[in-house]
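This is what each chain is made of:
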Amino acid sequence: MGGRSVLSRLYGDPIEVWVRDGRPAQFVWRDRLYAIRQVQDHWVVAREWWKTSDTDPGERRFWRVEAGMGPGVGTYELRFDTASRGWLLLRAWD
Amino acid sequence: MASFVHLHVASAYSLRYGTAFPPALVARAAAHGMDTLALTDRDGLYGVIKHIQACHAEGLAPIAGVDLVLRAHDHHTARGRRAGVHGEAGETRGDGSAGDGERRVVVLARADGWGPLCRLVTAAHHAGERGEPYVTREMLAEHARGPSGEPRLVVLLGPRSDVGRAAAGQRDEEARALLAAWRAAVPDVVVEVTDHYGYRDANVAARMLGLADWAGLPAVLTNAARHLDPADHQVGNVLDAARRLAPLHARHLEQSSQAYLKSGEEMAGVAERVCGGDRSRMARLLAETRRVAERCALDPVEIVPLLSDPPGALHLPEIGGDPVPMLRSRCEEGLRRRGMERSKEARERLAAELDIIERKRLSGYFVAVAGITDMIRGMGVRCAIRGSGAGSLVNYLAGIGEVNPIEHGLLMERFLSEGRRGLPDIDVDVESARRLDCYRAILGRYGEAQVACVSMMETYRARSAIRDVGSAMGLPPHEVDAIAKAFPHIRAKQIRAALADLPELRDSGLNDRSLETVFRLAEKLDGLPRHIALHPCGVLVGNAALRDRTPVERSMLDFPMSQFDKDDVEEAGLLKLDVLGVRMQSAMAHALDEIERVDGVRIELDAVPRDDTDTYDMICSGRTIGCFQIESPGQRELVAKLEPRTMHDLIVDISLFRPGPVNSDMVTPYLEARHGFRRPSYAHEELHGPLRETHGVVVFHEQVLKVIDVMTGCGLSEAEKARRALDTPAGREAVHDWFVPLAGERGFDPATVEKAWKVLDAFGAFGFCKAHAAAFALPTYQSAWLKRHHTAAFLAGVLTHEPGMYPSRVILDEARRCGVGILALDVNRSGRHWRVEKAAGETAGPPPEEPYGETPEGGEATGESLTLRVRPGDLGPRRQDVDLGGGADSGVDGGPDGETGGFGRGYALRVPFSAVRGVSEAEVDRMVAGQPYTSVADFWDRARPSRPVAERIVEVGGLDAMYGLRPGGPRWRPGRLTRRDLIAQVGALDRSSAAGVAAKGDTAAVQLPMAFAERVTPGELPEMTEAEAVEAELAVLGMDVSRHVIGFHDELLDAIGVVRARDLLRQRNGAEILVAGVKVATQTPAVRSGQRVIFLTLDDSTGPIDLTFFESVQAHTAATVFGSWLLVARGVVRRTGARAVSLRALNCWNLVDLDELWRAPPPRGGIDAVRALLDETPESGGGVGGRPIEYGNGYRLSPYSDIGPAPGVRDAAAFLAHPAEPQRRLWHASSGSSGPTRTRGR
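Residues numbered from 1 in each chain as written. Chains lettered and ligands numbered in written order. Predicted model: local features only at pLDDT ≥ 70, side-chain atom pairs only at ≥ 80, totals over all residues.

Asker: Which parts of the structure should I look at to understand the overall build of chain A?
Answerer: Scanning chain A from N- to C-terminus turns up zero helices and six strands. Of all 94 residues assigned to chain A, the portion counted as buried reaches 20%. Within chain A, residue pairs in contact and separated by at least 24 positions form 45% of the contacts whose partners lie at least 6 positions apart. (Helix = DSSP H or I, 4+ residues; strand = E, 2+ residues; numbered from the N terminus. Buried ≥ 20, exposed ≤ 12 C-beta atoms within 10 Å, placed from the backbone. Contact = placed C-beta atoms within 7 Å.)

Right, dumping it as structure tokens:
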């Protein structure tokens, strides 16, 4: 798809994300700023709430985005956890 | 821009799928500023009427549709049949879910498409297995267009459709071909795109948009909503698991956290995603959605005529002529037939009633009902009008009912009046055993296309919710069952409150953190529809267009059943007739047949004089177990106090015995005035007229109407409106503000008005419709008369048709007390149902052919382990002077006098084949047809019972008479045949049949050689002891036939000084005594104090003992009361009437535990240990919690009292209590009663 490298690397690093109009606009990963050029995909997965004692463990929102730092462009998968309000960079094709 | 419209919405009426009720969805849509809303429930239109009503109320345009399983044309055979049908009432259904691959389409009615939509749903149910409807493209093609080809339905092809599945699978060619086929088949087909933010959802949507554009078809956006709010998806997950009978696991669940009723803005966001940001495509998508909505908006009044006043078109049956003159001439003829031609009163009243009926255009309804009741009576079925319809003279004259309203002072306004909204409801009682025959006859007369039964939704309550959640959470089934049954029949949302409030649950293993999640989730299912069932009496009689007005599916018994409940049916303008099966009518019919068979007399029950002294004597002494309406412990107490002597007294008694009157203390003033302890008081002398018949106390609705009318002069029709308003505090206030000035204007002084108002305020809402009570009183009297004069025949009817609250073993005890003999099952004498046999001679002696005639010999073989937990040794020291051995007299020993006992002497009851657990109807047929039998092999060969059934028959003595067997006595009897030998022989017969030794087909009655294939030596196996025999009877028949179980404990009971029921009347008031017995019933009725009071009835073979457990003692007693079968209790004697005694309980024990302690060796056990235990002061624990429900007039009741309808007491044929206890229902447990809580071993 779209010439993207088939191989991705898994990370799971906490990152900082700026959101504009309900979607991520840019993020900082490993001290570098990435501007998001396009959202390729977005999906939501509800948590397996019955395995926890929380009444509402929330959901996880996934974003697969095309983002770049300077001229180089890569694809990244970000995840937002509504319960912890935290962002992770899950994987990258770069 | 016009608002967004949700076209695909599932409500809670999508069974085990949706979570929100139609009014909540409509209110949310209105809050979002939407002007139209669709309801497209799965598999049916169950919620549509409520949806349309809610839309009408909120000013939204309603759209109706359905979400149906789609199958390929050649796929008619059921696939993926689900394993097992679950659910308590049997009428269960699921969605035939075949997992994620299931294909579904949504179908909407266009503005003129309601009829075709109904017919399509009917066809879908007709095509599928029951509960698994489906459609094919061909079926849709057939229904989607009108007579001239114009479109009537819109088909939405969404992501779950065949097209959507192909698109998701990237099979573009297939998707295009399917789309082309749809376009050719259905004139109005659109592509539905949805995005729940699942992985690849948006991709599939984009692909489908492309397909729509390729095909030139409109595309619409929906949210396939199934929730109101995002958080509801947890409930959705539980429902997914319950529906699929699978544990909660991501694999089985639908991603549904986004499937809620989103706002227009949120949907715009979805549109943007789906269109990949293409603004013009987005606009087109939303505009097309809007256009579909506009062509599907329905006119609410057309579908729900009762939304307008006067109502829109009603849908009455075709009766072949103008109904107005037909009804008039029928009533004229009735006047002649009833000898009322010359009565001015009757003529005036008839004219007034006809005037209202004709103005409401209901003549055809009465003509049709009269035709149906004529037909039912013509079939020889007992048929009586019940309820408010008895108050109408038209019903009397047209021959629908036999109650003359003028004679009884009944009013038509309770039934039909100018100001009463809705359709009148005529209720007819028929023999329960013939009810379905009546339905078939109605179907036969009007044709299947014009008749349908009414349905009802069973909803989740505590027990069912715990069952489904427990299974979803993966708990073992037996544990789920035990947990569910520990709770009384309360609402699901009360579960955790009950755990905290009720001592029997609080101290059980259920208060365990591991179950917290189960209970939390179960509470969330509260009130959701669970399955659809046939309403017990409603029958719709419509016209040829009925199937255009209501969708029809098949009920469990294969009757056509409307998907609408009784309220919806009325709202939809459909005529309903209630044909209720009354078991007592069948019981009495059985009794009359038995009297004729045995005594050769045919009794005309309706002609029996209504003033029989013996009958009223029996009622006054509280000997009413088995009688219609007056057999409960509370009623036995009330009749003993009220001492009815006339039919009118019975009418009052029945009206008084209701929670309202009991709690508002109408009973005491009435009794005091009746017995002359107090002068009747009337607010004003003008109220003498309406209230004299009940000594100044308001008992009947009719009196409320008359009081209002006298005080205000408003007329009875207005008075009926006011009476209805008295049900709620707000209504009472409004009536007060209207009543007081009006009464003042009429010249009543303020004190009188205030006094009259107080009467209305206190009792108005609780009165009983006298017409109802009058209809009940007659069978009450008739059943009592039969019991008094034809005891055995009557009880045979009661045992056969089970009309009352008590299980068979209690009726059997009553039979014993009446002197009726009980005869064991006998393959040569038993019948299909309970039969009466005449005892030889008219003396009180035991019947000649008594199976267990002698007092058993002393005990032996102690140490035998028995599940009844009684050792044979018990039999040894038993008192010899009490003839417990007799089947006939065990209850009435000790000098029965005519008053308290033996009016049933001279007759006996024979246990029937149908009482044997697990026996099939076909087996019973063969057993009866093959009589007489000469040997066990003969019986095996010709009656062809299954092996377990044959074994059970031997176990309970069915072959004793043939072989001269008798349990008890020496266990080892070499050379003499025993029951166990015969059981072994059944096994041998079964093995040889299986081996093909048995002669096939030909059933010549010969001693087959197979009987000797494995020779059983007589006496090889030990005989059963008496205790084992009784245990087998309880397990197989659900009753102790050969002797009363309490007899096994006599020695212990005597040792601790237990008082027997027959001696209770000799106890002084206030004495503290011990009693014991078998549990007959537990009830937690609503009482005035707002406490949960437990009423326990025990039976000790000499009579019933009634105990009351107040909250102060429940902490240490409730678990024992609900969890035990044999009990010892300590209580304080309370005399409640001349012949009535009840006990205020202080403590109670499980008799089985006491027995075990008694038998244990000292120092732990022995009689002193038992006495010490009985003398212990109970620890005072917490009481019962829960805030009482409070009514406007200060009437409070416990949230755990029996408020709701009684649970299906006889549905629970198998009471699966303690594993160690008998497996049949042995006592009556009311809806507020908890179950045993000790099974959970955590």
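Asker: What am I meant to see in helix H13 (residues 344–359) of chain B here?
Answerer: Count 3.6 residues to each turn of an α-helix, and residues three or four apart come out pointing the same way. Residue and element names in this part refer to chain B. Over its 16 residues, H13 extends 23 Å from the first C-alpha to the last, a length consistent with the 22 Å expected when each residue adds 1.5 Å. Along H13, the residues that are buried comprise Ala-346, Arg-349, Leu-350, Glu-353 and Ile-357. Looking straight down H13, one finds that the buried residues subtend no more than 105° of arc, so they occupy a single side. In this structure, H13 carries Lys-344, Glu-348, Ala-351, Asp-355 and Arg-359 as exposed residues pointing more than 90 degrees from its buried face. Buried residues along H13 sit against helix H12 (323–337), helix H14 (363–378), helix H15 (393–397) and helix H16 (405–408). Directly after H13, the chain includes Arg-361, whose backbone phi takes a positive value near 55°. (Expected span 1.5 Å × (residues − 1). Arc of directions from axis to C-beta.)

Asker: Sorry, what's going on with the sheet that holds strand E1 (residues 9–20) of chain A here?
Answerer: The strands making up a sheet associate through backbone hydrogen bonding, with each pair oriented either parallel or antiparallel. The antiparallel closed barrel is built from six strands, whose spatial order is E1-E2-E3-E4-E5-E6 (chain A). On average, adjacent strands in this sheet sit at an angle of 40° to one another, irrespective of strand direction. (Pairing = 2+ DSSP bridges. Axes fitted to C-alpha atoms, helices over the stretch in contact; angles between N-to-C directions.)

Asker: Is there a simple way to think about unusual backbone geometry in this case?
Answerer: Most peptide bonds take the trans configuration, and most residues that are not glycine carry a negative phi. All names here are of chain B. Between Gln-931 and the following residue, Pro-932, the backbone shows a cis peptide bond with an omega angle of 0°. The amide bond that connects Pro-1162 to the next residue, Pro-1163, takes the cis arrangement and shows omega of 10°. By the element assignment, Pro-1163 lies in the loop between helix H47 (1151–1159) and helix H48 (1167–1175). A positive phi angle is found at Tyr-197, which is not glycine, with a value near 60°. Among the secondary structure elements, Tyr-197 is positioned in the loop between strand E5 (189–193) and helix H7 (201–215). Note on Tyr-197: 19 C-beta atoms within 10 Å, which makes it partly exposed.

Asker: What should I look at first to understand the pairing of strand E1 (residues 36–42) of chain B in this one?
Answerer: Each regular strand carries side chains that alternate between the two faces of the sheet. All names here are of chain B. Most of E1 sits inside the fold, with seven of its seven residues counted as buried. Note that E1 and strand E2 (residues 61–69) share seven bridges and pair parallel. In the strand pairing of E2, Ala-38 is matched with Ile-63. Viewed along the sheet, the connection from E1 through helix H2 (residues 48–58) into E2 turns out right-handed. (Right-handed = clockwise from strand over helix to strand, strands pointing away.)

Asker: Where do I start with the confidence of the model for chain B in this structure?
Answerer: Caution applies to low-pLDDT regions: their predicted coordinates should not be interpreted in detail. All names here are of chain B. When the pLDDT values of chain B are averaged, the result is 84; 86% of them are 70 or greater. Here residues 841–899 scores under 50 on pLDDT; set against residues more than four positions off or in separate chains, the count is 116 contacts. Across residues 1204–1223, confidence stays below pLDDT 50; counting only partners more than four residues off in sequence or on other chains, it has 30 contacts. (pLDDT = per-residue confidence, 0-100.)

Asker: I'm lost on the domain arrangement of chain B in this one. Help?
Answerer: The accessible area lost on association of the parts is a frequent measure of interface size. Split by domain assignment, chain B resolves into domain 1 (22–78 + 95–303), domain 2 (323–448 + 535–574), domain 3 (458–532), domain 4 (584–782), domain 5 (808–1041) and domain 6 (1045–1203). Measuring from the centre of the C-alpha atoms in domain 1 of chain B to the corresponding centre in domain 4 of chain B gives 54 Å. (Domains from an automatic or database assignment.)

Asker: I would appreciate a short explanation of the confidence of the model for chain A in the present structure.
Answerer: In this model, chain A carries a mean pLDDT of 85, and residues with pLDDT of at least 70 account for 88%. Looking over chain A, one finds the lowest element-wise mean pLDDT in strand E3 (residues 32–46) of chain A, namely 88, and the highest in strand E6 (residues 86–93) of chain A, namely 93.

Asker: Any chance you could explain the sheet that holds strand E16 (residues 907–910) of chain B here in plain terms?
Answerer: Residues and elements named next belong to chain B. In space, the three strands of this open sheet follow the order E14-E16-E15, with mixed pairing throughout. The sheet is open, and its two borders are formed by strand E14 (821–823) and strand E15 (835–838), each paired with just one other strand. Each strand axis lies, on average, 35° off the axis of its neighbour in the sheet, ignoring direction. Across four bridges, E15 lies against E16 in antiparallel orientation. Bridged to Val-836 within E16 is Leu-909.

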